[in-house]
Structures are given as C-alpha cells and as structure tokens.
Amino acid sequence: MDLTVLAYAVYLLISVALTVWVARTLSRNGRIFLADVLKGNEDLADAVNHLLVVGFYLVNLGFVALYLNQDSTVTTARGVFEALSVKLGVVLLVLGMMHLGNVYVLNKIRRRGMMEREQIPPVPPQGWTGARGDGHWAPPAPATGV
C-alpha cells in the first residue's frame, strides 16, 4: 500500500479541522474587538467579521491545497509522520501569521479611532478671550461673585 495517499488524507483532515477551529475562535472572540474598533456599530462589526472569516478560509484552505503535493513517495510509517510534521508545522505557522496580521491591522484601526475620539474636547468652548491691542492673547477674565 502506498502510504503517500494516507499521508495526504491525514494532512487534509487535520489541516482543514485546524483552519475551521482557528477561524471560529477568531470570529467569536474577534467580534468584540471589532465592535470596539468600529465604535459600537454592531451590524458593521458583524459584516466585517464575516468578511474576515471568509477571507481567512480562502487564503488558508488555498494554501493547504497548494501545499498538499509530496515530492517523494512515503513508504513507511515513519515517513508518514515526518511528512505530516513538516506539512502541519508549516500550516500552523501560516495560520499564526494570518492571525497576527489580522490583529496588527485591526489594532492600527483601533488606535486611529481612539486618537480621533481624543481629538474631540470633552467640554465645548465656553467663551472667547479675544486678542489685546498688541496682538497677544488676553488672559481669561477673573471669576466674579466668588
């Protein structure tokens, strides 16, 4: 029996299962993060979350399919484990890099949103002191009635 086919089947089974598990975990836990990034807009957070999950599946399952090819024939049980360890290790690294890339981009968006929120003064201006005749600003008027 050619063990290469067995290695392919086990590789596909584990890789697809890992991809689905990671995508579900990121979707479930990332939704809260997206809602914060998008200033509480739940509908937009759900839509962006769904689009990110679809993109995650497309990229990772495409990589799994492209990386399926085995250059040499696997003839022993040891060869099956060696081939699987290399292939699954690379798939796990790609999944991790995709996760870190998503978190990096979303964190940049979140920081930009936080900076925009900090630009809005907490209290609107209550008056204008005006300029003195010599071009310098006048100090605020002293409080009266105290």
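Predicted, not measured: the structure shown is a model, and the values here were computed from it.

Cut-offs used in this document
- Residues numbered from 1 in each chain as written.
- Predicted model: local features only at pLDDT ≥ 70, side-chain atom pairs only at ≥ 80, totals over all residues.
- Heavy atoms only, no water.
- Helix = DSSP H or I, 4+ residues; strand = E, 2+ residues; numbered from the N terminus.
- Buried < 20%, exposed > 50% of the residue type's maximum accessible area, 1.4 Å probe, protein only.
- Contact = heavy atoms within 4.5 Å.
- Areas by Shrake-Rupley, 256 points an atom, 1.4 Å probe, with all protein chains shown as cover.
- Expected span 1.5 Å × (residues − 1).
- Bend = angle between axes of the 7 residues up to and from the residue.
- Phe/Tyr/Trp six-rings, centres within 6.5 Å; stacked < 30°, edge-to-face > 60°.
- Lys NZ or Arg CZ within 6 Å of the ring centre and 35° of its normal.
- pLDDT = per-residue confidence, 0-100.
- Salt bridge = Lys/Arg side-chain N within 4 Å of Asp/Glu carboxyl O.

Enquirer: How would you sum up the overall build of the protein? Please name residues and give values.
Expert: Looking only at helices and strands, the protein has three helices and zero strands in total. Counted from the first residue to the last, the protein has its helices and strands arranged as α-α-α. Expressed as a percentage of its 146 residues, the buried residues of the protein come to 21%. Across the protein, every contact between residues at least 6 apart in sequence was considered, and the portion connecting residues at least 24 apart equals 69%. Roughly 10,600 Å² of accessible area belongs to the protein as shown, and the carbon and sulfur atoms make up 67% of that amount.

Enquirer: So what about helix α1 (residues 3-37)? Which residues, and what values?
Expert: Relative to the 51 Å expected for 35 residues at 1.5 Å per residue, α1 spans 48 Å between its end C-alpha atoms, a close match to the ideal helical length. The largest bend along α1 reaches roughly 40° and is located at G30. Buried within α1 are the following residues: L3, T4, A7, Y11, S15, T19, V22, A23, G30, L34, A35 and V37. K39 sits one or two positions beyond α1 and adopts a positive phi of about 55°.

Enquirer: Quick rundown of the packing of aromatic side chains? Include the residues and the values.
Expert: Using the criterion set out here, one finds one aromatic pair in the structure. Here the aromatic rings of F63 and Y67 are separated by 5.3 Å at their centres, their planes lie at 15°, and the arrangement is stacked. Lying over the aromatic face of Y11, K87 brings its terminal NZ or CZ to 5.6 Å of the ring centre. One Lys or Arg, K87, reaches over the ring of Y67 and ends 4.3 Å from the middle of that ring.

Enquirer: Can you tell me about the confidence of the model for the protein, naming the residues and giving the values?
Expert: Confidence in the prediction of the protein, expressed as mean pLDDT, is 80, and 80% of residues score 70 or more. When the elements of the protein are averaged for pLDDT, helix α3 (residues 77-119) gives the smallest value, 81, and helix α2 (residues 42-66) the largest, 88.

Enquirer: Can you lay out the environment of N69 for me, pointing to particular residues and giving the numbers?
Expert: The residue N69 is located in the loop between α2 and α3 in this model. Since its relative accessible area comes to 55%, N69 is described here as exposed. Sequence spacing of N69 and Y8 is 61 residues, and the spatial spacing of their C-alpha atoms is 8.3 Å. Once residues within four sequence positions are removed from consideration, N69 is found in contact with Y8 and K87.

Enquirer: Tell me about α2, residues and numbers included.
Expert: Between its first and last C-alpha, α2 extends 36 Å over 25 residues, near the 36 Å set by a 1.5 Å rise per residue. Along α2, the residues that are buried comprise A45, N49, V53, F56, N60 and V64.

Enquirer: Would you mind going over the pattern of salt bridges in detail, with residue names and values included?
Expert: Summed over all chains, the structure comprises three salt bridges. Close ionic contact of D46 with R31 constitutes a salt bridge, the shortest N to O distance being 2.5 Å. Of the two residues, D46 sits in helix α2 while R31 sits in helix α1, which places them 15 residues apart along the sequence. Overall, D46 belongs to the partly exposed group, its relative accessible area being 35%. For R31, a relative accessible area of 27% puts it in the partly exposed group.

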